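Observations on chain architecture
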Amino acid sequence: MAVMFEGWDAVVLARAQFAFTMSFHIVFPAFSIGLASYLAVLEALWLWTAREVFINLFNYWLKIFAIAFGMGVVSGIVMSYQFGTNWSVFSDKAGPIVGPLMAYEVLTAFFLEAGFLGVMLFGLERVGHRLHFMATVMVAIGTLISAFWILSANSWMQTPAGYAVNAEGQFVAASWLNVIFNPSFPYRLVHMVLAAYLTTALVVGAVGAFHLRRDSHLAGPRVMFSMAMWMATLVAPIQILAGDQQGLNTLAHQPAKVMAMEGHFQSHKEGAPLILFGLPDQAAGKVRFAVEIPKLSSLILKHSIEAPLDGLDTVPRQNWPPVPIIFWTFRIMVGLGFLIMGLGLFSLCERWRGKLYQSRLLLLFAMAMGPAGFVAVLAGWFTTETGRQPFTIFGLLRTAESVSPLASPAVASSLVAFVIVYFTVFSTGVIYILRLMGKPPHHGEQGPQADIPARAAGITPAAAAASARGAAG
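Quick notes on the rules
- Residues numbered from 1 in each chain as written.
- Predicted model: local features only at pLDDT ≥ 70, side-chain atom pairs only at ≥ 80, totals over all residues.
- Heavy atoms only, no water.
- Helix = DSSP H or I, 4+ residues; strand = E, 2+ residues; numbered from the N terminus.
- Rg over C-alpha atoms; globule rule 2.2 N^0.38 Å.
- Buried < 20%, exposed > 50% of the residue type's maximum accessible area, 1.4 Å probe, protein only.
- Contact = heavy atoms within 4.5 Å.
- Areas by Shrake-Rupley, 256 points an atom, 1.4 Å probe, with all protein chains shown as cover.
- Lys, Arg positive; Asp, Glu negative; His and termini not counted.
- Charge placed at Lys NZ, Arg CZ, Asp CG, Glu CD.
- Pairing = 2+ DSSP bridges.
- Core = buried A, V, L, I, M, F, W, Y, C linked by side-chain atoms within 4.5 Å.
- Axes fitted to C-alpha atoms, helices over the stretch in contact; angles between N-to-C directions.
- Parallel < 35°, antiparallel > 145°, perpendicular 65-115°, else oblique.
- Nonpolar A, V, L, I, M, F, W, Y, C, P; charged D, E, K, R; others polar.
- Phe/Tyr/Trp six-rings, centres within 6.5 Å; stacked < 30°, edge-to-face > 60°.
- Lys NZ or Arg CZ within 6 Å of the ring centre and 35° of its normal.
- Salt bridge = Lys/Arg side-chain N within 4 Å of Asp/Glu carboxyl O.
- Left-handed = near helix turned anticlockwise from the far one by under 90°.
- Patch = residues over 30% accessible without salt bridge, like charges linked within 9 Å, V, L, I, M, F, W, Y side chains within 5 Å.

Concerning the overall build of the chain
Assigned secondary structure in the chain consists of 14 helices and six strands. Against the 2.2 N^0.38 benchmark of 23 Å for 473 residues, the chain shows a C-alpha radius of gyration of 25 Å, consistent with a compact globule. Its C-alpha atoms put the chain at 90 × 60 × 45 Å along the principal axes. Taking all 473 residues of the chain together, 48% fall into the buried category. The contacts of the chain with a sequence gap of at least 6 include a subset with a gap of at least 24, amounting to 78%. Of the roughly 21900 Å² of accessible surface on the chain, 69% is carried by carbon and sulfur atoms. When the 28 basic and 23 acidic side-chain charges of the chain are each reduced to a single mean position, those positions are 9 Å apart.

Points about unusual backbone geometry
In this model, Gln-389 is joined to Pro-390 through a cis peptide bond whose omega is 10 degrees. Tracing the backbone through its elements, the reader meets Pro-390 in the loop between helix 12 (372–387) and strand 5 (391–393). Positive phi outside glycine occurs at Ala-50, with the angle close to 65 degrees. Within the secondary structure layout, Ala-50 lies in the loop between helix 1 (10–49) and helix 2 (52–85).

Description of the pairing of strand 4 (residues 286–293)
Of the pairings in the sheet, the one linking strand 3 (residues 274–281) to strand 4 comprises six bridges and is antiparallel in character. In the sheet register, Phe-277 faces strand 4, and the bridge partner there is Val-291. Hairpin connection, strand 3 to strand 4: the antiparallel pair is bridged by four residues, and Gly-285 has positive phi, about 75 degrees.

Let's talk about the nonpolar core
Counting residues in hydrophobic clusters, the biggest one holds 100 residues, and the most contacted among them are Trp-61, Ile-64, Phe-65, Phe-225 and Met-437. Among the elements that line this core, the one with the most residues is helix 1, at 18 residues. Sequence-distant contacts of Ile-64, that is, excluding residues within four places in its chain, are made with Phe-31, Leu-35, Ile-433, Leu-436 and Met-437. If you look at the next biggest cluster of nonpolar residues, it comprises 14 residues, including Phe-265, Val-315, Trp-320 and Phe-330.

Things to note about the environment of Ile-150
Positionally, Ile-150 belongs in helix 4 (residues 129–158). For the pair Ile-150 and Met-229, spaced 79 residues apart in sequence, the C-alpha separation works out to 29 Å.

Brief notes about the packing of helix 8 (residues 255–262) against helix 10 (residues 323–352)
Contact geometry for helix 8 and helix 10: axes closest at 7 Å, N-to-C directions at 70 degrees. It follows that helix 8 is roughly perpendicular to helix 10 by the angle criterion. Contact residues: Lys-257, Ala-260, Met-261 and Glu-262 in helix 8; Val-323, Ile-326, Phe-327, Phe-330 and Arg-331 in helix 10. Of the residues contributing to the contact of helix 8 with helix 10, the split by class is six nonpolar, no polar and three charged.

Details of the packing of aromatic side chains
One pass over the structure, following the stated rule, counts 26 aromatic pairs. For the ring pair Phe-20 and Phe-24, a centre distance of 5.0 Å and an interplane angle of 55 degrees mean the geometry is tilted. Here the residue Phe-20 and the residue Phe-24 both occupy positions in helix 1, the gap between them amounting to four residues, near one helical turn. Of the residues examined, Phe-24 reaches a relative accessible area of 17% and is grouped as buried. Judged by centre distance (6.0 Å) and plane angle (70 degrees), the ring pair of Phe-31 and Phe-374 falls under edge-to-face. With Phe-31 in helix 1 and Phe-374 in helix 12, the pair connects residues that are 343 residues apart, well separated along the chain. The class for Phe-374 is partly exposed, based on a relative accessible area of 21%. Counting every residue linked through ring pairs, the aromatic cluster contains Phe-20, Phe-24, Phe-28, Phe-418, Tyr-422, Phe-423 and Phe-426. One residue, Arg-317, lies across the ring of Trp-320, its end atom 4.2 Å from the ring centre. Over the ring of Phe-327 we find Arg-331; its NZ or CZ atom is 3.6 Å from the centre of that ring.

Points about the pattern of salt bridges
Overall, the coordinates contain five salt bridges when judged by the stated rule. Among the ionic pairs, Glu-350 bridges to Arg-353, the shortest N-O distance being 2.9 Å. With a closest N to O distance of 3.0 Å, Glu-385 and Arg-388 form a salt bridge. Owing to a relative accessible area of 15%, Glu-385 belongs among the buried residues under this scheme.

Notes on the packing of helix 10 against helix 12
The interhelical angle for the contact between helix 10 and helix 12, taken along N-to-C directions, is 145 degrees, at an axis separation of 8 Å. In the crossing of helix 10 with helix 12, the sense of the turn from one axis to the other is left-handed. Residues Ile-325, Ile-326, Thr-329, Phe-330, Ile-332, Met-333 and Leu-336 of helix 10 form the contact with helix 12, whose own contacting residues are Ala-372, Val-375, Ala-376, Ala-379, Gly-380, Phe-382, Thr-383, Thr-386 and Gly-387. Residues that form the contact of helix 10 with helix 12 fall into these classes: 11 nonpolar, five polar and no charged.

Some words on a nonpolar patch on the surface
There is a patch of nonpolar side chains on the surface, built from Leu-276, Phe-277, Leu-279, Phe-289, Val-291, Ile-293 and Trp-328 and spanning about 670 Å² of accessible area. When contributions to the nonpolar patch are tallied by element, the ones reaching two or more residues are strand 3 and strand 4. Mapped onto the fold, Val-291 is located in strand 4.

Here's the deal with the environment of Leu-198
Tracing the backbone through its elements, the reader meets Leu-198 in helix 6 (residues 185–214). Relative accessible area serves as the criterion here: at 6%, Leu-198 is assigned to the buried category. Dropping the residues within four chain positions of it, Leu-198 is found in contact with Met-231, Ala-232, Val-235, Ala-236, Gln-239 and Ile-340.

Structure below.
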């Protein structure tokens, strides 16, 4: 294997390894953030209305949440090690800022989740219902706090602010407030959290639609499908607006990324067209076979059809990001966003007609859109992270200067190992989740491992000991 990868670029392999592990990891937090909040809503509705359907749905999705949460934690652990193995220069330069932000995530979010997760998973019948609901809320808040710190650290790498450079060439905080609330952070936090909620809603809706196609009178699937379609109806338009605001923020702070997203290799002095489709040719500096709408890009980005827009011809070529990747992932994300909004509007129409649970076309549409949230999250993440290239800290530290002094075969060997292990382990977990989703929630639905002992291992109650002595005698 060492000979096979001898001629490869270590930087490319290190980037591929981080991209691979990150792609696996991000889908689980995106799901668990939304699902934790959904569980809190279900339990609140149960406490408020005392309807059994809500606690059945809570226990049904709680089992799925436990698996997804666990896979998210496991898949995220190895990423922190890559900072030391593959990106040691970046760790040295940015550690004084990124390190504390990651530590805050552990000290606040992870400790909060760890403290209440056991009560949430196994304590429904062991503690009071109100205390259990508090534990569920705390886990949901913990997932949001985790998103807060992770996105703050990542956003600082996109739009660094509040820093100084010390004598050793390291980035240190001059103002933690400006570091945390850097220019892109609020927009990216809102966009990501809404994406997590929509991702969960699409999965819940797809599962509900799957069971309603078999029996449209099932109480649990009817409730979950209705709630999911309300989420798509109300939140998808807000998400599109939030994405537009983030795009305007990106134009102000990372214009080259927007140029790549739009496919604008050349500047346009009297209004830039919106390129719908085409084949970006980075070497030639143009989009071949472009299908475009004149002036529309200027209208969207500058709110004027005659507003000039700069192109990549104003950026040194060595600072160009990989345009084809950004161009297409951005279109995938936006296209799926409008499809999600279309699903919500279609469901609203069928709800008004009284056919929400019987519309075969709507149920098929919802099932087909089940994975769309994950795809949109990945496409958006690729757009964001690839658009930052060729920098790890935008404008300050180049990716080629951030990598560890490793030989290509060493990085390639660990990459191959990750691919094999991840596909084996996480495919098994996903298959198990799909099997759980394949069964509808039923009367008396139990949560995860409802029959586990209610005492510590190794401590034998007196009654059990006496019973064992009696059986032996």
